[in-house]
Amino acid sequence: MAVGRYIFTPASAYSSPDAHGTLHGDGAKVELRVTEALLREFLALLDTAQEEISRRWGDQGHSDCLAAHG
């Protein structure tokens, strides 16, 4: 998953319990031992917010209030 100019690769659900996700970018690869769970939660929240914004903007496109200002 792209996160700005970085790539987040979560640990596989089938990997060992010691496996951690990684963040790649700028020629570096960082294993996320502590912050992976937080990053996953944050990205899920961002995805939900983006879906909600897209839905609301789509609803506004069909709203009568926009026609009144146009």
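Residues numbered from 1 in each chain as written. Predicted model: local features only at pLDDT ≥ 70, side-chain atom pairs only at ≥ 80, totals over all residues. Heavy atoms only, no water.

A. Seen up close, unusual backbone geometry. The phi dihedral of aspartate 26 is positive, around 55°, even though this residue is not glycine. With respect to the secondary-structure elements, aspartate 26 resides in the loop between β3 (22-25) and β4 (28-31). Classification of aspartate 26 by relative accessible area gives exposed; the value is 56%. (Helix = DSSP H or I, 4+ residues; strand = E, 2+ residues; numbered from the N terminus. Buried < 20%, exposed > 50% of the residue type's maximum accessible area, 1.4 Å probe, protein only.)

B. Representation of the confidence of the model for the protein chain within the structure. Here the protein chain averages 81 in pLDDT, while 84% of its residues score no lower than 70. Ranking the elements of the protein chain by mean pLDDT puts helix α2 (residues 64-69) last with 52 and helix α1 (residues 36-60) first with 89. (pLDDT = per-residue confidence, 0-100.)

C. Highlighting the sheet that holds β3. The antiparallel open sheet is built from 4 strands, whose spatial order is β1-β2-β3-β4. The open sheet has two edge strands, β1 (2-3) and β4, and neither has a second partner. (Pairing = 2+ DSSP bridges.)

D. Quick peek at the pairing of strand β2 (residues 6-9). The pairing of β1 with β2 spans 2 bridges and is antiparallel. Residue valine 3 lies in a different strand from β2, and its bridge partner there is tyrosine 6. Hairpin connection between β1 and β2: a loop of 2 residues separates the two successive antiparallel strands, and glycine 4 in this loop has a positive phi of roughly 65°. In this structure, β2 lies alongside β3, joined through 3 bridges in antiparallel fashion. When the bridges of β3 are listed, isoleucine 7 appears paired with histidine 24.

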